[in-house]
Amino acid sequence: MKLDGRDSTFSPWKRRRSESKGGHIITRHSFSEEFDRDIYANMDLDIDTKRAAQKVSASLVSLVSRTGSEPFFMGSGTIIESEEVDGTHFSTILTSASLLRSTPESDAIPDDIKIDVYLSDGKSSEGQVFTYDFHYNIATIKIKTDLAFPSATLRFLDDSISVDPSAISESSQLRRHSDLFKLCPGDMVVAVGRYFDQPYELMAAPGKFSLDVFKFDCKELFRATCQISKCGIGGPLINLYGEVIGVNFYDRICTPFLPINITAKCLEHFKKYGRFCRPWLGMEMTNLYAENLGTLEKFLQKFPNISEGVLVEKVIEGSPADCGGICSGDVFVQCGNKDVRSFLEFYGMIMEKTGESLELVVLRETNGQRLQTTVKASEASRDKFYRWPLPEECTVHVDRVRW
């Protein structure tokens, strides 16, 4: 069956398989087609996914970057702010800085870059690069329109989960006495995007929040099992209320996303100081509840009154954390005079104190000690910026067009 000349099984997420030869990816399709492999899971969507996607759809745009007449990247973005000045409406779009890179390894944008923005009504507008940060791989694009477009609702995440065995299990929900959205492993989320060609369709890919790891430099990324194509990069990850909880990136088997907590803090810092905050302690961290069961049992035996905290997985030699005496396996439970319940909460504290010293309380399971130490929250220098190369499956050259 065909509708408007299109196969009824068409999905804008569909990716075409590429062929490999001699270490190079060979493609026989044009810029307007996709790549890699077919995805059928996103074709038959449940009603909760459809409702959530429709909630954010009016704020969702498609983005194509060009140099001259040559397109070199396409993605999605979310309108996060709107204002009216003398009858003209200005909107700020949050997306990925991959849209601006002339090459995957570059930390500069082309002088002649142009951004085409396709709105939910199919109309296009020229976007202006407002700001970008290649460390966290985020960017904001400004557009002006005759009509006002709604801004998406952003919702900060609460990723704290108690490991107290007597605690009552909580389902994923908006806390009644909090502005935070509780996110637990296994909770349903939806990656959304907008297709970059007519009719600029809304795309939705359901999945679950997962604790599985992947090989990205940026350890602040979380993971969802959604499967998107490249034109979904920079689009929002939403909860089932249609609220934006993260910015999507691309991986072959999942969707890494930067929690909106971190993104919003970066943009807020830029507005105040004209630059981004990029704290660097030189360690990898996760929530205490993510520890393996055997180690968690030993920890609770030594610290029975502690049920939340941030676990140190790795410490880089010579880093601020190493100089402060932090060891792999330590658990942070206080920063300053505030309790530390979760990774995102702790990272928010670090971002507020970039360039300053932090007074930390650490629990060390190996000897059962409660230690106090001072660690300087250094600012990441350019040589410590995260690398954001696109996966090999995502980098294809057709003449001068980069996939």
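### Section: the nonpolar core
Here is step 1 of the chain: Within the largest apolar cluster, 98 residues are counted, with the highest numbers of intra-cluster contacts made by Val117, Tyr136, Met283, Met285, Phe332, Phe346 and Tyr347.
Here is step 2 of the chain: When residues of this core are assigned to their parent elements, the largest contribution, 7 residues, is made by helix H5 (residues 343–352).
Here is step 3 of the chain: Other than its neighbours up to four places away in sequence, Phe346 contacts Met283, Met285, Val310, Phe332, Cys335, Val340 and Leu360.
Here is step 4 of the chain: In terms of nonpolar packing, the next biggest core, distinct from the first, is built from 8 residues, Val64, Tyr195, Met203 and Cys231 among them.

### Focus on the pattern of salt bridges
Here is step 1 of the chain: On inspection of all chains with the given rule, the structure shows 17 salt bridges.
Here is step 2 of the chain: The residue Arg278 makes a salt bridge to Asp133 at a minimum N-O spacing of 2.6 Å. On the criterion of sequence distance, the pair formed by Arg278 in the loop between helix H2 (260–273) and strand E19 (279–280) and Asp133 in strand E9 (residues 124–133) is long-range, its members being 145 residues apart. There is no split in this pair, since Arg278 and Asp133 are both buried.
Here is step 3 of the chain: Salt-bridge contacts for Lys384 lead to Asp383; the nearest nitrogen and oxygen are separated by 3.7 Å.
Here is step 4 of the chain: The exposed category is assigned to Asp383, whose relative accessible area is 63%.

### Side note on the confidence of the model for the protein
Detailed reading of the predicted coordinates is not advisable wherever pLDDT falls low.
Here is step 1 of the chain: The predicted model of the protein averages 84 in pLDDT, with 83% of residues at 70 or higher.
Here is step 2 of the chain: Residue range residues 15–38 is modelled with pLDDT below 50. Its contacts to residues more than four positions away, or to other chains, number 72 contacts.

### Let's talk about the sheet that holds strand E6 (residues 70–85)
Here is step 1 of the chain: Around the barrel, which closes on itself, the 6 strands sit in the order E5-E6-E7-E10-E9-E8 with antiparallel pairing between neighbours. With direction set aside, neighbouring strand axes in the sheet form an average angle of 40°.
Here is step 2 of the chain: As paired elements, strand E8 (residues 113–118) and E9 share 4 bridges and run antiparallel to each other. Across the sheet, the residue bridging to Val117 is Ser125, located in E9.

### With respect to the pairing of strand E21 (residues 310–315)
Here is step 1 of the chain: Two strands pair when backbone bridges link them, and strand E20 (residues 283–287) and E21 are joined in this way by 5 bridges, in the antiparallel orientation. In the sheet register, Thr286 faces E21, and the bridge partner there is Leu311.
Here is step 2 of the chain: As paired elements, E21 and strand E22 (residues 331–335) share 2 bridges and run antiparallel to each other. Bridge pairing in E22 links Leu311 to Val331.

### So, the packing of aromatic side chains
Here is step 1 of the chain: Scanning the entire structure with this criterion turns up 16 aromatic pairs.
Here is step 2 of the chain: Taking 6.3 Å as the distance between ring centres and 70° as the angle between the ring planes, the aromatic pair formed by Tyr136 and Tyr386 counts as edge-to-face. Highlighted residues: Tyr136 in the loop between E9 and strand E10 (138–145) and Tyr386 in the loop between strand E26 (378–379) and strand E27 (397–398), separated in sequence by 250 residues.
Here is step 3 of the chain: Classification of Tyr386 as buried rests on a relative accessible area of 14%.
Here is step 4 of the chain: Pairing Phe222 with Phe257 gives two aromatic rings, centres 5.9 Å apart and planes at 75°, and the pair type is edge-to-face. A residue pair is termed long-range when its members are at least 10 positions apart, and Phe222 in strand E15 (residues 222–224) and Phe257 in strand E18 (residues 255–259) qualify at 35 residues. Here Phe222 matches Phe257 in class, with each residue buried.

### A closer look at the sheet that holds strand E14 (residues 202–210)
Here is step 1 of the chain: Strand order in the closed barrel made by the 6 strands is E13-E14-E15-E18-E17-E16, with antiparallel pairing throughout. Pairwise comparison of adjacent strand axes, ignoring direction, gives a mean angle of 45° for this sheet.
Here is step 2 of the chain: Bridge count for strand E13 (residues 188–194) against E14 is 7 bridges, and the pairing is antiparallel. Bridged to Ala191 within E14 is Ala205.
Here is step 3 of the chain: Across the sheet, H2 is in contact with strand E17 (244–248) and E18; its angle to E18 comes to roughly 45°.

### Let's talk about helix H1 (residues 47–57)
Here is step 1 of the chain: The set of residues buried in H1 consists of Thr49, Ala52, Ala53, Val56 and Ser57. Looking down the long axis of H1, one finds its buried residues gathered within 140° of arc, a one-sided arrangement. Across from the buried face of H1, at angles greater than 90 degrees, the exposed residues are Arg51, Gln54 and Lys55.
Here is step 2 of the chain: The inward-facing, buried residues of H1 abut strand E5 (60–67), E13, E14, strand E16 (236–238) and E17.
Here is step 3 of the chain: With a side-chain oxygen positioned 3.1 Å from the backbone nitrogen of Asp48, the residue opening H1 is Asp46.

Calculation rules
- Residues numbered from 1 in each chain as written.
- Predicted model: local features only at pLDDT ≥ 70, side-chain atom pairs only at ≥ 80, totals over all residues.
- Heavy atoms only, no water.
- Core = buried A, V, L, I, M, F, W, Y, C linked by side-chain atoms within 4.5 Å.
- Buried < 20%, exposed > 50% of the residue type's maximum accessible area, 1.4 Å probe, protein only.
- Helix = DSSP H or I, 4+ residues; strand = E, 2+ residues; numbered from the N terminus.
- Contact = heavy atoms within 4.5 Å.
- Salt bridge = Lys/Arg side-chain N within 4 Å of Asp/Glu carboxyl O.
- pLDDT = per-residue confidence, 0-100.
- Pairing = 2+ DSSP bridges.
- Axes fitted to C-alpha atoms, helices over the stretch in contact; angles between N-to-C directions.
- Phe/Tyr/Trp six-rings, centres within 6.5 Å; stacked < 30°, edge-to-face > 60°.
- Arc of directions from axis to C-beta.
- Polar contact = N/O pair within 3.5 Å; in protein donor to acceptor, adjacent residues only side chain to side chain.

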